[in-house]
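Understanding the architecture of this molecule
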Amino acid sequence: MKKAIYLLSVFFCIIAISACQPTPEKEIVVHKAAEQLEATLVESDDKEADSTFICPSKLNEEIQMPHFRFVADTDIEIGQAEGFHVYEATQDRFGQTRLDEILSYFSKDLIGARSGEMTKEDLEELIVILKRGMPKKQQDGSVLYEPSADSAEIIESLSEELRNAPNEEYIPIADYDPTFPCNVVFKNSLEQNVYVFADENQIEIFPKNAGTIQLQSWIIKNGGWDGEGPVVLEPVLSEEEALTISKNVLNDLKIEGFEAAHIEAARMLDGFFGYATVSVGYQITFCRAIDGQIPFDSSILTPGVLGFEDEADYIKPWPQERIVLMVDQEGIRFFHWEYPVIITNKLESNMKPLSFEAVWQHAKDLLILGSSWVADATTVEDRHITRIMLTNCMVRSTKERNKVFLIPTWLFIVQKESALDGHILPSYIAINALDGSRVEMHNNFS
């Protein structure tokens, strides 16, 4: 019987603090509690809980710093949390069998294979693109191509590589001898290239040709190619349709325990060197969802100025397991699964979860301490706490090298006022929901 925790949502509003906040003098713990927490863990008996966790529904508070404010005016998200269990997990490793299962799902009609290294044809195509140059939009709306200043030097280097590069020759699939890890390009019956890269930590597949993927937020921030401007992507299918397709893929592959953490419009360009758009759809990131907590993708965060650490107490964070897919109206364009783990045991701690008030006090101490560097500044933007949620993070075991614990974690997302439109990655504070220690989240893409 599942251990039930009743989440009573009550409106909670804290009167704004007007006085400047002193830098906390007490020790800020960074993973130091991992060993202590590990000692309190026992196997869950799944008995009915006799305690009630009361959580506010909203936080409204200001923290006045010498030259700016932290402003919190946001809902507190708890999802469908069913408890504060800790899950024991071990590092998993991909191999040939799992790769074959996933590859056969996406491509059932392979007719040939070759090495994924650059071929003469690839290099010749790249040299043509470099000679032509990058597209640049003119004031009248036309597009001209201009070679970059260092294109001649790059072309000379590629021409040297071209002399010894292999030809683009595919061997019949019946003669292909699988190896692992691998970097392989397959050919299917539709004459499409299927790009596959795999090692023990990741599997990446482009089922229908390959190309650079650009997110809508990246295009807005960087303007696409030179002069392209703020292009608004308009996928043919809806977010709901893309999400349904992605969930069906995970179900078909028998991948369980994941929920969508981030979905965003995206486009795929023609190859890794071209600029023409060949697909517009959505990129969806799935992360572990435990006990009804809200999944969150740490790759869209940065520690920023809040990323301080005490070297004496610091333990290197564990890479977050995530599955990323790009979906358009024709199906899956891209599949990526990295840093797999196996959930081995459901545990619980004899420590009761901290109240939200206690967690928020820990977060405030960290915000103040992490921003003390601006004490001498004269003009600093306000920081907004834009999201508060109960999620989970991975913490390394202090006893076994390949063991991790998924622990319930409170996440506070912090953004500068000028970056509320999302063009700059937000910072964060992550607090262990059981003991109040700071949790360092690993940004896989940093």
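Residues numbered from 1 in each chain as written. Predicted model: local features only at pLDDT ≥ 70, side-chain atom pairs only at ≥ 80, totals over all residues. Heavy atoms only, no water.

1. As for the overall build of the protein
Within the protein, the regular secondary structure consists of 7 helices and 22 strands. Relative to its full complement of 446 residues, the protein shows a buried share of 46%. Put simply, of all contacts in the protein between residues at least 6 apart along the chain, 75% involve residues at least 24 apart. For the protein, the exposed surface amounts to about 21,900 Å²; the carbon and sulfur share of it is 50%. (Helix = DSSP H or I, 4+ residues; strand = E, 2+ residues; numbered from the N terminus. Buried < 20%, exposed > 50% of the residue type's maximum accessible area, 1.4 Å probe, protein only. Contact = heavy atoms within 4.5 Å. Areas by Shrake-Rupley, 256 points an atom, 1.4 Å probe, with all protein chains shown as cover.)

2. A closer look at the confidence of the model for the protein
Averaged over all residues, the pLDDT of the protein equals 82, while 81% of them reach at least 70. Confidence drops under a pLDDT of 50 for residues 1–31, and excluding neighbours within four residues, the segment shows 89 contacts in the predicted structure. (pLDDT = per-residue confidence, 0-100.)

3. Structural notes on unusual backbone geometry
In this structure, Pro 181 follows Phe 180 across a cis peptide bond, with omega equal to 0°. We note that Asn 209 has phi near 60°; this positive angle belongs to a residue other than glycine. Mapped onto the secondary structure, Asn 209 falls in the loop between strand 13 (202–206) and strand 14 (213–215). Residue class for Asn 209 comes out partly exposed when judged on its relative accessible area of 34%. For Lys 254, which is not glycine, the phi torsion reads 60° and is therefore positive. Mapped onto the fold, Lys 254 is located in the loop between helix 6 (239–252) and strand 15 (258–269). Residue classification places Lys 254 among the exposed positions, given a relative accessible area of 69%.

4. A short note on the nonpolar core
By size, the foremost hydrophobic cluster in this structure holds 46 residues, and its most contacted members are Trp 360, Trp 410, Leu 411 and Phe 412. Counting only elements with at least two residues in this core, the list comes to strand 3 (53–56), strand 4 (58–64), strand 5 (69–77), helix 7 (356–370), strand 20 (383–396), strand 21 (403–416) and strand 22 (427–432). With 34 residues, the next largest nonpolar core counts Ala 198, Ile 219, Ala 265 and Ile 323 among its residues. (Core = buried A, V, L, I, M, F, W, Y, C linked by side-chain atoms within 4.5 Å.)

5. Comments concerning helix 7
The end-to-end C-alpha distance of helix 7, which contains 15 residues, comes to 21 Å, matching closely the 21 Å that a straight helix rising 1.5 Å per residue would cover. If you check which residues of helix 7 are buried, you get Phe 356, Val 359, Trp 360, Ala 363, Lys 364, Asp 365, Leu 366, Leu 367, Ile 368 and Gly 370. Close packing links the buried residues of helix 7 with strand 3, strand 4, strand 5, strand 20, strand 21 and strand 22. (Expected span 1.5 Å × (residues − 1).)

6. A word on the environment of Val 439
With respect to the helices, strands and loops of the structure, Val 439 is situated in the segment after strand 22. With relative accessibility at 1%, the residue Val 439 sits in the buried group. Through-space distance from the C-alpha of Val 439 to that of Ile 429 is 7.8 Å; in sequence the pair is 10 residues apart.

7. Re the pattern of salt bridges
For the coordinates displayed, the defined rule picks out 19 salt bridges. Among the salt bridges present, the one from Arg 93 reaches Glu 200, with a minimum N-O distance of 2.8 Å. You can see Arg 93 sitting in the loop between strand 6 (86–91) and helix 2 (96–106) and its partner Glu 200 sitting in the loop between strand 12 (193–199) and strand 13, a full 107 residues away along the chain. Judged by relative accessible area, which is 34%, Glu 200 ranks as partly exposed. What you see here is one network of salt bridges that share partners, running through Lys 58, Asp 73 and Asp 75. (Salt bridge = Lys/Arg side-chain N within 4 Å of Asp/Glu carboxyl O.)

8. Re the side chain of Ser 246
Following the sequence through the fold, Ser 246 ends up in helix 6. A relative accessible area of 0% means that Ser 246 is categorised as buried. In this structure Ser 246 touches Ile 284, Phe 286, Leu 325 and Val 327, once residues within four positions along its chain are discounted.

9. A look at the side chain of Asp 297
Locating Asp 297 in the fold gives a position in the loop between strand 16 (277–288) and strand 17 (322–328). Within the structure, the side chain of Asp 297 is placed 2.6 Å from the side chain of Arg 322, a separation counted as a polar contact. Excluding residues within four positions of it along the chain, Asp 297 makes contact with Ala 261, Thr 285, Cys 287, Gln 320 and Arg 322. (Polar contact = N/O pair within 3.5 Å; in protein donor to acceptor, adjacent residues only side chain to side chain.)

10. Here we look at the packing of helix 3 (residues 120–132) against helix 4 (residues 151–164)
The interhelical angle for the contact between helix 3 and helix 4, taken along N-to-C directions, is 165°, at an axis separation of 10 Å. Overall, the two elements helix 3 and helix 4 adopt an arrangement that is roughly antiparallel. Once helix 3 is placed against helix 4, the crossing between them reads as left-handed. Side by side, helix 3 and helix 4 meet where Lys 120, Leu 123, Glu 124, Leu 126, Ile 127, Leu 130 and Lys 131 of the first sit next to Ser 151, Ile 154, Ile 155, Leu 158, Ser 159, Glu 161, Leu 162 and Arg 163 of the second. Class assignment for the residues of the contact of helix 3 with helix 4 results in 8 nonpolar, 2 polar and 5 charged. (Axes fitted to C-alpha atoms, helices over the stretch in contact; angles between N-to-C directions. Parallel < 35°, antiparallel > 145°, perpendicular 65-115°, else oblique. Left-handed = near helix turned anticlockwise from the far one by under 90°. Nonpolar A, V, L, I, M, F, W, Y, C, P; charged D, E, K, R; others polar.)

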